[in-house]
Every structure is written in structure tokens, then in C-alpha cells.
Amino acid sequence: MQNLSKNTSLRLTSQKSLRHLGLCSQIATGQQTSPVVFPEKRGRGKTATRGEITINNDDSKKAEREEHRIDIGDEQSNLLGYEVFSGKLALDKRKSNKNADVPVSTEIASQDAVDAKLTSKALVCGSLMLSLEDVISVSYCVGLRHFTVHAYPFRKGFIKRRRSRKDYRFLACTSDYALQWVNSFADRQSYVNCLPHPMASKKQGTDLIFNEFPPESYIRCKSPQKMLVILNPRSGRGRSTKVFHGMAEPIFKLAGFELEVVKTTSAGHARKLAASVDFSTCPNGIICVGGDGIVNEVLNGLLSRDNQKEAISIPIGIIPAGSDNSLVWTVLGLRDPVSAAISIVKGGLTATDVFAVEWLNTGAIHFGTTVTYFGFISDGNFSCSNLCQINFCFKLSLR
């Protein structure tokens, strides 16, 4: 009888442990089924039929809590990545002001500070979780305790989600801790906007200190990007200029981009610009603002140069502002100008195929990425094999 009680208790314990692994149904039925993610609820004081062992109310409550307890420690570590820096931060929850150099009152001091950590994927400060994919830059004055994180998180809407700018001001325990936080953001490839110290304009001893040691010597600043912007003002029924200056350009300014904006005046102007531009003035790439047409002109202008191999290595960024934005949606999966600008700021390249169409009678070559056509569609019922030859020849890098 004693051996029987030991065996039944052993069977019950093993089934409890297996139930945590979602394998109890497989053991009981002898079939291969999917794991039990949400175990069914059992009534209080219910007896277990296996082994005819009765479980009292306290044991059932404890077992129920254990069954329905979810350990999210490993899931959070996978979602948030590895830890970069941690400490105490106080979030200024007052209405944000886009002038980041306005000092923050030190009244929101230690009593409002909470545990915070910066991981490889997000900033977690109390109940706030800010993805680094939404962070554009950080503004900081060397020697002060506060810094501002500029981000474009998604704002929930009834129809679709949209990004909107939001500035988060944080107050660290000391200025040294604030500097460590800012450097941690810089290590995660966030641009740091070094602002002048408030006392630097006054004729005091601190002026000599900050002139001798500029802010860049304290912070591992990311070098600003230099790019050429070719804008077609007629794209999108004339809305492309408003789209760029109102939605995309503020993001580039926050990220410290140095842009040269050129507006096209006629058809083929973008091709001439891409064919003659000095790459030393835009070493980080060319941004096309408009539809698929301006991207096609820039592509053909780059590949018509004598230094074709160097030209094809220049990244092309796209701000969708035309009536047809199929390329940026098909290749990059982006629809709105704000997300496209953030994608350019974050860097990263996406390769896409480039094909060449050679006209046999004239020898002219035209390059494309999506589709090429000639004449009227109604005339497409005859063979064009005697007119042109299509070859796939390049990989284009898009941002």
C-alpha cells in the first residue's frame, strides 16, 4: 500500500511538470498534438481522478496559480535585446517644447526618478518603452543633467497608424550620468546634437573651459550625412514640395543631415543632374523626392557616366511624393514620406535588380527597375524581339 501511494504521487507530480511544458495531453492520449498554451481552468476543490488522490482547496489554488503564471523574462530579453546601460532617470511629463535647449527644472528630482535601461532595441523607463527604430537623435548640453530624445513613434488611429514627432526630456542623477546616457545612445548609432552650454555666452571662467574642450570631445558623435536632394515640384499634383519641406526635411534636420536641394525644371533635368554631379558633394547618396519617374531619371543619369561602377555604388533614397510610388512600396514596403525619411536616417541598403533595354536599330540603352514600355498599349500585339533586347545587369542600392 505504501509503494502504491508513492507511485501515484510520482505519477501526479510528473504530470504536473509535464503540464507546464504543454505535453500532458500528448502523454494522456498517446497522440502527437500541438502544445497546450492556455490550460483549461479547473474548479476549486475539484478532485483529481488519476490515482484517486484528493487535492484540497489550498493545493488547488496554488496549482492553478502555477499553471496560469506566465514567465516573460526570456521573452522580454529577446524582444528588447541586450542591455547597454542602466540607471535612474526622471521623465519630464510636462508639455514638450521643440526648443530642446530650454533648461529643465531640477524640481523633478529624485522622487520622480525610476529605474531605466537602454538596450540594443529600446529604451525602457518605468512604464515608457521607446523603440530605437523610432529615435531620430538626442540633444544635449555638456555639463547639464538633462537630455532630450527626439522620436517619431506610431500614433494609433482609427483607420491607420501614423508617426508623429514627440520629444522626451530626461533628467539624470548627475551630469556625468547624463553624459553616459548620451554616449550610450551614440553607440546605438543615434545622432547627437551638441548644444552650446547656457553659460558659454557669458564672460565667465566656464567660457574658457568649454571653448578649450568642445562638446564633440566628450561625446562620440556620429558624423553628419551629406546628400543631394533632387525634387520634382510637379509630382503628386504639385504637392511634393509641401511633402518634403513639411514632413521629410524636419526629420533630416534632426538627424544632422547636410542637404543640397535642387528642384527640377523640365523633363530630363534629374538625369542631367545625376550624370554631372560631383560625388564628393554628396558622398552618402542622392534622395529623390517624387514618383517613380524621377527615380528612373536619376538611375539612367548615374549609369550613363563614364565611372559607371562608382555611380552604381551611390545609394538612392526615395521620398514617395508622386502619383505612382510603386517602387518604394514594392522594394522597401513603405508608403508614407515620414517612414521613408526615417528609413534613410537609419541607413541600411536594400538591393534591387536593374535591367537594361538596348534598341537594336540605334544602339541606345535605357535602364529600369520596374517596367519599361513604348508606343501605345493597344499596339502591343506585335512582337518586339526585332526592336530591343533586355538584359539584367546591375544591383541598385536603395535606402
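On a predicted model such as this, the values are computed, not experimentally measured, just so you know. Counting of residues starts from 1 at the beginning of each chain's written sequence and follows it residue by residue. Reporting of local features is limited, given that this is a predicted model, to residues whose pLDDT is at least 70; pairs of side-chain atoms are given and counted only at 80 or more, and all residues count toward the totals for whole chains, interfaces and linings. Values reported for side chains reflect all heavy atoms of the structure, with hydrogen atoms and water molecules removed beforehand.

Engineer: Break down the nonpolar core for me, with residues and values.
Structural biologist: In this text, buried Ala, Val, Leu, Ile, Met, Phe, Trp, Tyr and Cys residues form a nonpolar core when linked through side-chain atoms within 4.5 Å. Partly exposed residues are those whose accessible area sits between 20% and 50% of the maximum for their type, while under 20% is buried and over 50% is exposed, using a 1.4 Å probe and protein chains only. Counting 45 residues, the largest nonpolar core has F252, V298 and I319 as the members making the most contacts within it. Helix and strand assignments come from DSSP, with helices taken as H or I runs of at least 4 residues and strands as E runs of at least 2, each series counted from the N terminus. Taken together, the elements giving at least two residues each to this core come down to β11 (226-231), α8 (240-254), α9 (269-276), β13 (286-290), α10 (292-303), β14 (316-320), α12 (326-332) and α13 (337-346). Whether two residues touch is decided by their heavy atoms; if any such pair falls within 4.5 Å, the residues are in contact. Non-local contacts of V298, meaning those with residues more than four positions away in its chain, are made with I230, A270, A274, I286, C288 and I316. A116, C125, L132 and A151 belong to the second largest nonpolar core, which has 28 residues in total.

Engineer: Go over the pairing of strand β10 (residues 191-195), please, and point to the residues and values.
Structural biologist: Of all five residues in β10, four are buried; the element is thus mostly enclosed. Bridge count between strand β5 (residues 135-141) and β10: five bridges; the pairing is parallel. In the strand pairing of β10, Y140 is matched with C194. Any two strands with at least two DSSP-identified bridges between them are counted as paired.

Engineer: Can you break down the packing of α8 against α13 residue by residue, with the values?
Structural biologist: Two elements in contact, α8 and α13, have axes separated by 9 Å at closest approach and are oriented at 30 degrees. Relative to α13, α8 is oriented roughly parallel. Every pair of crossing elements has a handedness; the one defined by α8 and α13 is right-handed. Within the contact between the two elements, α8 uses V243, M247, A248, I251 and F252 and α13 uses P337, V338, A341, I342, I344 and V345. Residue composition of the contact of α8 with α13, by class: eleven nonpolar, no polar and no charged. For helices, the fitted line uses only the C-alpha atoms of the stretch in contact; every axis is such a line through C-alpha atoms, and the angle between N-to-C directions lies from 0 to 180 degrees. For classification purposes, angles smaller than 35 degrees are called roughly parallel, those larger than 145 roughly antiparallel, those between 65 and 115 roughly perpendicular, and all remaining angles oblique. We call a crossing left-handed when the near helix sits turned anticlockwise from the far one by less than a right angle, and right-handed when that turn is clockwise. Classification used: nonpolar for Ala, Val, Leu, Ile, Met, Phe, Trp, Tyr, Cys and Pro, charged for Asp, Glu, Lys and Arg, polar for all others including Gly.

Engineer: Summarise α9; cite the residues concerned and give the values.
Structural biologist: Every buried residue of α9 is listed here: H269, A270, L273 and A274. When α9 is viewed along its axis, its buried side chains cluster within an angular range of 130 degrees and face the same direction. Facing away from the buried side of α9, by more than 90 degrees, are the exposed residues K272 and S276. Elements that come into contact with the buried residues of α9 comprise β11, β12 (258-263) and α10. Our arc is simply the arc of the directions from the helix axis toward the C-beta atoms.

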